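Listed below, chain by chain, are the residues.
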Amino acid sequence: MDYLPLNFDVKGRRILVVGGGDLALRKAKILNRSGAVLYVVAPEIIDELKALVVSSSGRSFERTYQLQDLEGVSLVVVATDDMAVNEAVSSDAKAANVWVNVVDQPHLCNVIFPAVIDRSPIVISLSSGGSSPMMLRKLKAQLETQLPSGLGRLAEFLGANKNKVKQTLTESSRRLKFWEQAIDGPVAEDVYAGNEPLAQQRFDELLNNSLAAPQGEVYLIGAGPGDADLLTFKALRLMQKADVVLYDRLVSNEILRLCRVDADMVYVGKARSDHAVPQGDMNQMLVDLALEGKRVVRLKGGDPFIFGRGGEEIALLAEHNIPFQVVPGITAASGCAAYAGIPLTHRDYAQSVRFLTGHLKADTPNLNWVEMVHRDETLVFYMGLVGLPLICEGLLSAGRSADTPIALVHNGTRSDQVVVTGTLSTMVDEVAKANIKAPTLIIVGEVVKLREQLSWFKQEDK
């Protein structure tokens, strides 16, 4: 993070503006709206800027900048096209430990002006550290269209009722749920419509109803194969509501950072012969947390219903009549194949696809190899790294050609994705040379030939 975002109270504080033209006027208007006392120094100062200075109870000086102009100043804004002046003021201000902003000269600043969306008392600031003003302009325009014009009125309404809620609901988790209901429901719509009396009536009714015992809920969410951009909107919305998040080892850090910041994060991942929390204990944990009235997110890599044991987890919830929701995720087969440039089906190569588990049980994948000899079918093996030699041996012994293409994808869809390709006869040696570790996905079939032509995602090839 290049800059620490802060909100300063400049009411009644002396702010120095060096410059007297239109650019200085634009910055002065922002400062004036914040209640600053403006002092302006420039050889020439336009009339509108002079008037703004008077309205702020400040002073203007039509002369060149002098070092003593910094006395008693909390912030300096430099808005001139004279580089020598800009550099001099910046150097003086920094030496005097005064915050300084030089317009469009980030290297001379120790504070910058963000793009601002003003719905006072809600104020949203956006910054690129001076690197991309056009991107900020676009982001601001997008956000402006999504934020109701009455957002500030809603903030004031909720603020006026804050103490009442705190006295009525003593538990922080119950207060949080109440505020979410108030902000997302009819109360907010009434305020936006300008009907505060009806909003207050509904607010009080909602508060009284919140005194009842809270009911927990579980959200079983598929996090996809790793790229956070592949999350669904619903997944992201529910992750932001969670009191507790139970996550496995296949969930990437960038996805975990999208969960609510104050949620309790509990690792329940499984690796080969290393289960942080046994499945039965984890299932019971979901029940216990929900019975405490908490909203629990069970965040699983890929899709929860494809080799994810999601059905087992919600079965116990159903037995206890605990409400739950299931949010599908992009399964590894789909995500990893797409990012590797391998279509799972193709009119000229494969008319069907079969998902299989390569996980070894009693030292064998325990699969019916005879059913997998069809050249026009793509096979996808989850968790097949350790069992790769047996998978290749089983397919070859069942009659699949030794020249059948095969690909292994490590950390599919992530920035460190690695793809290893070969054939059934060579793949074991290729993977051994690449020193690949889990998680991996194995794709077998003629469609792997298309990778060279269709590969699009930046990755490491082995």
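Sequence order as written defines the numbering, with residues in each chain counted from 1. Local features in this predicted model are restricted to residues whose pLDDT is 70 or higher, and side-chain atom pairs enter the listing and the counts only when it is 80 or higher, whereas totals over whole chains, interfaces and linings include all residues. Here the side-chain values reflect all heavy atoms present in the structure, with hydrogen atoms and water set aside.

A. Summary view of the packing of aromatic side chains. Between 30 and 60 degrees the pair is tilted, below 30 it is stacked and above 60 it is edge-to-face, where a pair is any two Phe, Tyr or Trp rings, Trp via its six-membered ring, whose centres lie within 6.5 Å. Tallied over the entire structure, the rule returns 13 aromatic pairs. For the pair F8 and W99, a centre-to-centre distance of 6.5 Å together with 50° between the ring planes defines the contact as tilted. Within this pair, whereas F8 is found in the segment before β1 (14–18), its partner W99 is found in strand β5 (residues 99–102), the two being separated by 91 residues in sequence. A 1.4 Å probe rolled over the protein chains alone gives each residue an accessible area, and that area as a share of the maximum for its type sets the label: buried under 20%, exposed over 50%, partly exposed in between. Using a relative accessible area of 52% as the deciding quantity, one classes F8 as exposed. Looking at W99, the relative accessible area reads 42%, which means it is partly exposed. Secondary structure elements are defined from DSSP: runs of H or I of at least 4 residues count as helices, runs of E of at least 2 residues count as strands, and each element is numbered from the N terminus.

B. Molecular detail of helix α13 (residues 310–319). What α13 keeps buried is the set G310, E313, I314, L316 and L317. Here the buried residues of α13 occupy an arc of 150° about the axis, which is enough to place them on one side. Of the surrounding secondary structure, the elements contacted by the buried residues of α13 are β8 (217–222), α12 (279–291), β13 (295–300) and β14 (324–327). N321 sits one or two positions beyond α13 and adopts a positive phi of about 55°. Our arc is simply the arc of the directions from the helix axis toward the C-beta atoms. Should any heavy atoms of two residues lie within 4.5 Å, those residues are considered in contact.

C. Highlighting the packing of helix α15 (residues 388–398) against helix α16 (residues 427–434). Here an angle of 0 to 180 degrees is reported between the N-to-C directions of two axes, which are lines fitted to C-alpha atoms, with helices fitted over the stretch in contact. Interhelical geometry of α15 versus α16 gives an angle of 165° and a closest axis separation of 9 Å. Of the possible angle classes, the one that applies to α15 and α16 is roughly antiparallel. In this structure, α15 meets α16 at a crossing whose hand is right-handed. Within the contact between the two elements, α15 uses L388, P389 and C392 and α16 uses M427, V428 and V431. In what follows, roughly perpendicular refers to angles from 65 to 115 degrees, roughly parallel to angles under 35, roughly antiparallel to angles over 145, and oblique to any angle outside these ranges. By definition, turning the near helix anticlockwise from the far helix through less than a right angle yields a left-handed crossing, and turning it clockwise yields a right-handed one.

D. Highlighting the pattern of salt bridges. Any Lys or Arg side-chain nitrogen found within 4 Å of a carboxyl oxygen on Asp or Glu counts as a salt bridge. One pass over the full model with this rule turns up 20 salt bridges. Residues participating in the shared-partner salt-bridge network are E180, D243, R260, D262 and R295.

E. Representation of the pairing of β5. Judged from the four bridges that link them, strand β4 (residues 75–78) and β5 form a sheet pairing that is parallel. Across the sheet, the residue bridging to V78 is V102, located in β5. Taking the sense of rotation as the criterion, the β-α-β connection linking β4, helix α3 (residues 83–95) and β5 turns out right-handed. Here, strands pair whenever DSSP counts at least two bridges between them. Orient the strands so they point away from the viewer, and a crossover whose first-strand-to-second-strand path over the helix runs clockwise is right-handed.

F. View of the side chain of R451. Mapped onto the secondary structure, R451 falls in helix α17 (residues 451–454). Using a relative accessible area of 7% as the deciding quantity, one classes R451 as buried. Of the polar contacts made by the side chain of R451, one reaches the backbone oxygen of A340; its length is 2.7 Å. Pairs of N or O atoms within 3.5 Å make up the polar contacts considered here, provided that, within protein, one atom can donate a hydrogen while the other can accept it, and that residues adjacent in sequence are counted only when both atoms are side-chain atoms.

G. Just the nonpolar core, in detail. Remark: nonpolar core denotes a set of buried residues (Ala, Val, Leu, Ile, Met, Phe, Trp, Tyr, Cys) joined through side-chain atoms within 4.5 Å. Grouped together as the largest cluster of nonpolar side chains are 21 residues, with contacts concentrated most on F381 and L395. Residue assignment for this core shows that the elements contributing at least two residues are β16 (377–382), α15, β17 (405–410), β18 (418–423), α16 and β19 (440–444). Once residues lying within four places of it in the same chain are set aside, the contact partners of L395 are W369, M372, L379, F381, R400, L424 and V444.

H. Examining the environment of A36 more closely. As for its placement among the helices and strands, A36 is situated in the loop between α1 (22–33) and β2 (37–42). For the pair A36 and L139, spaced 103 residues apart in sequence, the C-alpha separation works out to 27 Å. The residues touching A36, leaving out its near neighbours within four places in the chain, are V10, R13, I15, L31 and S56.

I. Spatial organisation of the sheet that holds β4. Across the sheet, five strands lie side by side as β3-β2-β1-β4-β5; this open sheet has parallel pairing. A single partner strand is all that each edge strand has here, and the edge strands are β3 (59–62) and β5. Across the sheet, the mean angle from the axis of one strand to that of its neighbour is 15°, orientation sign disregarded.

J. Region of the structure containing the sheet that holds β14. The strand order across the open sheet built from five strands is β10-β9-β13-β8-β14, with neighbouring strands paired in parallel fashion. Whereas interior strands pair on both sides, the edge strands pair on one side only; in this sheet they are β10 (264–267) and β14. Going across the sheet, the axis of each strand differs from the next one's by a mean of 15°, ignoring polarity. Here strand β9 (residues 244–247) pairs with β13 via four bridges, running parallel. Bridging across to β13, Y247 finds its partner in L299.

K. How the structure looks around the environment of D376. Positionally, D376 belongs in the loop between β15 (352–357) and β16. Judged by its relative accessible area of 37%, D376 is partly exposed. Placed 211 residues apart in sequence, D376 and V165 show a C-alpha to C-alpha distance of 64 Å. If we skip the residues at most four places from it in the chain, D376 touches Y349, A350, Q351 and S352.

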